[in-house]
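Reading the structure
Here is what each chain is made of, one letter per residue.
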Amino acid sequence: MEQDKPEVAPPVVAVLAAPSPRVVWLRRIIGPLLSVGMLCLALWALHLLARDVSYHEIREYLQHVSRPRLLLAIGLTTLGFGVMSLYDRFGLATIGKTLPWRRVTLISFISYAFSNAIGMSFLVSGSIRYRFYVQNGLSTGEIARLVLYCTVAFWLGLLALTGTTLLVVPLPSGLPMSSWRIALASLLVAIPLAWLAAGFIRKPFKLWRWQVHIPAPGTTLRQIVVGAADWWLAAAVMYVLMPDRLDAGFGHFLAIFVIAQIAGLISHVPGGLGVFEAVMLAGLGATGNQALAAPILGSLAAFRIVYYLMPLCAATVLVLQREARGLHRPALWSPWFNNLLPSFFAGLTLVSGAVLLFSGATKALPHRMEILRDVLPLSVLEISHLLASVVGMLLLILARGLQRRLDAAYWLTLILLISGAVFSLLKGIDYEEATLLALLALALFPAHKLFYRRASLFSGRFSPGWILAIVAVFGCATWLVMFSYKHVDYSNSLWWEFSFHQGGAPRALRALVGAAAAGLLFALAMLIRPQRSRHVPPTEAELQRALPLIKRYHSAQAHLALMGDKHLLFAPNDDAFLMYDTEGRSWVALGDPVGADEDARRELVWSFLEQCERDGGWPVFYEVSPADLDLYLEVGMNLMKIGEEARVALADFNLDGKSKKTLRGTVNKLTREGLHLEILPAQRVPEFLPRLRVISDAWLGDKHAHEKRFSLGAFDPKYLARTPMALVWQGEQLVAFANLLLTDTKEEASVDLMRFLPNGPTGIMDFLFIELMQWARQEGYRWFNLGMAPLAGLTNRRLSPLWNRFGALVFGRGERFYNFQGLKRYKDKFDPEWEPRYMATPGGIAVPLILANVASLISGGLVGVVRR
């Protein structure tokens, strides 16, 4: 609404130039492309290093690893994860928090089991820690400090152990870095020593924009010791699985191991897959040595199973058990878990698809094939092998649908998991992977309520990361086929060979082509889906569709859709709609979805996000209420408080008391001067528009202002003719007007345009507000909405988010640019109840550009940002 002090100010930001779509696309894709490129290089290096090794030799070594060695490796892994819990234990002590040891150990185990297997340890383990620690009373800032402590300890221990080992143990002469071992070792040791020495200074230093506080020497020493012990135990796990013929002591092996781990971490390939193996083979002198390469590759596979896969499976079971208990305790069920579980199931589905593809790329165990030969026709085995790989590819695709909470993806995934388990048994009695698929299906089955969206599988867009992940899994499966059957000479007739014992290579090739065909067909269907949305103003028919929803909605601000300057996105059955406009790359929705159907409103948020994703836009929800924050939290958006909205409870409103003396005097004075209020029905508004135009132009000229838009109405005849009008007369002269926004439910009344003659009586806006509130109370309305006070209620405390601190600073000292405090004081005269309003954004580096786009959108362009 407009008045002496304008109603809404756009966010105070610097106007920044948005990067071009090509630059943004390159930024999104360059990281995944580098990871896939590193994976391809690692697989090619493995191919060269192990060109004389057969898949059967590796499997034979795995089958003959002794039970005592396996038990020792499992014991050392358990001890290693126990040491990892010290990261969190000491980190919590550093930030002054105490939690039960059992709980800390559980959270640490789950976070490291996932981050070790998936990679990107800072992001993955940090996200998991946040989900669990926030339920244990830790704030966002405390969790960030804890994650930073653990990450620093992780790297300090690795660097200290690597540097010390290289100083003591010489590297093989064949390695590229062997000639500058001492220099590298000195540099690696110097980093943790410098960090330790800096702790004695106790004075923070500035690193670019951040102020760095070095911990005390005792804390740093604990970080180094725990980190080094963690990596030492990881190396010991692999060492006990190594073949006896390996002619290297533990010191020499440790040097190669830590270098290989650093290479894997730097590559950003999940789990360092391929990179770690290639460096280990080269470092241990297995190049061209078939007798040594096969056992080393077998021990590497065993290490992956014991140190990565087994903890990952155990952590998965623990998470599922924890969430299953949460299903029986709805009070603990929150938007945070709603956001976590679909992504969790999506990740497990992705892993299950990869397992099926990798299984289809390798040869079945001979003794199991003998059993199948006696009980199963060859045609059933061939079809099952082909379909298992097709199911694997489809699971990779459906994982994205689960992440988007699609109902269709949920049911198809359940069907395919059960089908994949059956095909796994029929193609080679692979009961291990059948059990994995069946367990995932059992865990997924009771979680149907999390997958509530009825949208099409083809409606969303696959991000570059998802596409490259699917391509990477398929590429690994292709490499595995080539590696497993490199002893088989290729010929065109190979495709048409069918046999129980000699048909492994043809089956793998056909399965690979079947999986590729399934993926290509889905990609083709995505390519021929409807083109980008065309943004056109709403038609009269669309406004009439929205009108019943607007009248029944609890907030009168929904009437701003009738301006016709915002695009309307309707739910499938017209149960709800969302109004939005675009500026730059920002797609800004005004307010919450309008409608009474909660499912339709939730689906609209998802549909809006997917539409933004298809068109490369940033989704933004401006001026959203606290009651609907879960709609935005569960889709992973960030919230920024942008101000507070004032609402007057009309049942308690009156002009009695000392605090209302000034208002009471103003109303009495203007009444004696002949001012009175008239409520004009909407059908009579057009005949008064010429007189209202004169008042509006005079008001704009006096304020040296121009028409705003988006979150405010403008003087548009079509818009004003849709709602009743409040007129203020002084005798026969019309001196002020305001268009009324009224809900049919009598929940709320409000105004939008409020304009008056510059030479009119003093206090005319107070008179108009008071008269309207009294009229609305008599008509049975519960609330009168005075609109939002920008930046009100933001706090400038040390641990407050940066946006809150900046907003509070502008609110307190920005009177030169906008009357922030004056607007709030003006509305406080009416004793309103203040309710916070938020903006939901994607977060990240796009936020400053989003704020600039929103400011431009409200002000009618970049010029309007810097003028009234």
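In what follows, the accompanying structure is described. (Residues numbered from 1 in each chain as written. Predicted model: local features only at pLDDT ≥ 70, side-chain atom pairs only at ≥ 80, totals over all residues. Heavy atoms only, no water.)

A word on the overall build of the protein chain. Counting secondary structure elements, the protein chain contains 29 helices and 14 strands. The burial tally for the protein chain puts 55% of its 868 residues in the buried class. Intrachain contacts of the protein chain at a sequence separation of at least 6 include 75% that bridge at least 24 residues. Of the roughly 38700 Å² that the protein chain leaves accessible, carbon and sulfur atoms contribute 63%. (Helix = DSSP H or I, 4+ residues; strand = E, 2+ residues; numbered from the N terminus. Buried < 20%, exposed > 50% of the residue type's maximum accessible area, 1.4 Å probe, protein only. Contact = heavy atoms within 4.5 Å. Areas by Shrake-Rupley, 256 points an atom, 1.4 Å probe, with all protein chains shown as cover.)

Judged by how many residues are buried, strand β10 (residues 725-730) sits mostly within the fold: five of six residues are covered. Looking at chain direction, strand β9 (residues 675-680) and β10 are connected through six bridges and run antiparallel. Note on β10: the bridge partner recorded for L680 is M725. For β10 and strand β11 (residues 733-742), the ladder comprises six bridges, and the chain directions are antiparallel. (Pairing = 2+ DSSP bridges.)

Here we take up the pattern of salt bridges. Per the stated rule, a full pass over the model turns up 25 salt bridges. With its nearest N and O atoms 3.7 Å apart, the salt bridge here joins R368 to D430. Residue R368 is located in helix α13 (residues 366-375), and its partner D430 is located in the loop between α15 (407-428) and α16 (431-444); the two are separated by 62 residues in the primary sequence. Accessibility expressed as a relative area gives 9% for R368, which makes it buried. Its salt-bridge partner being E835, residue R837 comes within 2.7 Å of it at the nearest N-O pair. Among the ionic contacts, a cluster of salt bridges with common partners joins R368, K427, D430, E432 and E433. (Salt bridge = Lys/Arg side-chain N within 4 Å of Asp/Glu carboxyl O.)

This part covers the pairing of strand β5 (residues 586-590). Of all the five residues making up β5, five are buried; the element is thus mostly covered by neighbouring parts of the structure. Burial along β5 is two-sided: S586, V588 and L590 facing one way and W587 and A589 facing the other are all buried. Relative to β5, strand β4 (residues 576-583) runs antiparallel, the two being bridged by four bridges. Each bridged residue has a counterpart across the sheet, and for D581 the counterpart in β5 is V588. Two successive antiparallel strands, β4 and β5, enclose a turn made up of two residues, where G584 displays a positive phi of approximately 65°.

On inspection of all chains with the given rule, the structure shows 29 aromatic pairs. Judged by centre distance (6.3 Å) and plane angle (55°), the ring pair of F769 and Y826 falls under tilted. Placement of the pair is F769 in helix α25 (residues 764-778) and Y826 in helix α27 (residues 820-828), with a sequence separation of 57 residues. Members of the aromatic cluster, each reached through a chain of ring pairs, are F81, F109, W232, Y239, F250, F253, F257, F303, Y307 and Y308. Across from the ring centre of F90, 5.1 Å away, lies the NZ or CZ of R222, which sits over that ring. Geometry around W783 places R647 over its ring, the cationic atom sitting 4.4 Å from the centre. (Phe/Tyr/Trp six-rings, centres within 6.5 Å; stacked < 30°, edge-to-face > 60°. Lys NZ or Arg CZ within 6 Å of the ring centre and 35° of its normal.)

A word on the packing of α15 against α16. The contact between α15 and α16 brings their axes to 8 Å, and the two run at 160°. Relative to α16, the element α15 lies roughly antiparallel. Where α15 crosses over α16, the handedness of that crossing is left-handed. Judged by residue contacts, Y410, T413, L414, L417, I418, G420, A421, S424, L425 and K427 of α15 engage Y431, E433, A434, L437, L440, A441 and L444 from α16. (Axes fitted to C-alpha atoms, helices over the stretch in contact; angles between N-to-C directions. Parallel < 35°, antiparallel > 145°, perpendicular 65-115°, else oblique. Left-handed = near helix turned anticlockwise from the far one by under 90°.)

This part takes up helix α14 (residues 378-403). Helix length check: α14, at 26 residues, gives a terminal C-alpha distance of 38 Å against a target of 38 Å (1.5 Å per residue), a fit within 8%. The sharpest bend along α14 measures roughly 30° and falls at I397. In the stretch just after α14, R405 is the one whose phi turns positive, near 65°. (Expected span 1.5 Å × (residues − 1). Bend = angle between axes of the 7 residues up to and from the residue.)

The subject of this paragraph is the packing of helix α6 (residues 140-168) against helix α8 (residues 217-241). The contact between α6 and α8 brings their axes to 7 Å, and the two run at 65°. One finds that α6 runs roughly perpendicular with respect to α8. Handedness of the crossing formed by α6 with α8: right-handed. Listed contacts from α8 to Y149, V152, A153, F154, L156, G157, L158, A160 and L161 of α6 are T219, T220, R222, Q223, I224, G227, A228, W231 and W232. Here the contact of α6 with α8 is composed, by residue class, of 12 nonpolar, five polar and one charged. (Nonpolar A, V, L, I, M, F, W, Y, C, P; charged D, E, K, R; others polar.)

In this section: the nonpolar core. In this structure, Y133, M238, F257, M280 and F303 are the most contacted members of the largest nonpolar core, which totals 125 residues. Per element, the largest residue contribution to this core is 13 residues, and it comes from helix α11 (residues 290-327). Other than its neighbours up to four places away in sequence, F257 contacts W231, A234, A235, M238, F276, M280 and F303. By size, the runner-up hydrophobic cluster in this structure holds 88 residues, among which are I695, W729, A736 and V854. (Core = buried A, V, L, I, M, F, W, Y, C linked by side-chain atoms within 4.5 Å.)

With that settled, consider helix α23 (residues 685-703). Under the 1.5 Å per step criterion, the end-to-end length of α23 is 25 Å for 19 residues, consistent within 8% with the ideal 27 Å. Where α23 bends most, the angle comes to about 40°, and this point is R691. For α23, the full list of buried residues reads V685, F688, L689, L692, I695, S696, W699, L700 and K703. Tucked into the core, α23 has its buried residues touching β9, α24 (717-720), β10, β11 and β12 (748-756). H704 occupies a position one or two residues after α23 and carries a positive phi of about 50°.

Attention now goes to the side chain of S625. Examined against the element boundaries, S625 turns out to sit in the loop between β7 (618-624) and α21 (629-633). Engagement of the side chain of S625 in a polar contact is seen with the side chain of D592, the distance being 2.8 Å. With sequence-adjacent residues up to four places away left out, S625 is seen in contact with D592 and R837. (Polar contact = N/O pair within 3.5 Å; in protein donor to acceptor, adjacent residues only side chain to side chain.)

Following the sequence through the fold, T349 ends up in helix α12 (residues 335-360). Given the relative accessible area of 1%, T349 is considered buried. When sequence neighbours within four positions are dropped, the list of residues in contact with T349 reads L395, A399, L402, T413 and L440.

None of the figures reported here should be taken as evidence of function without further support.
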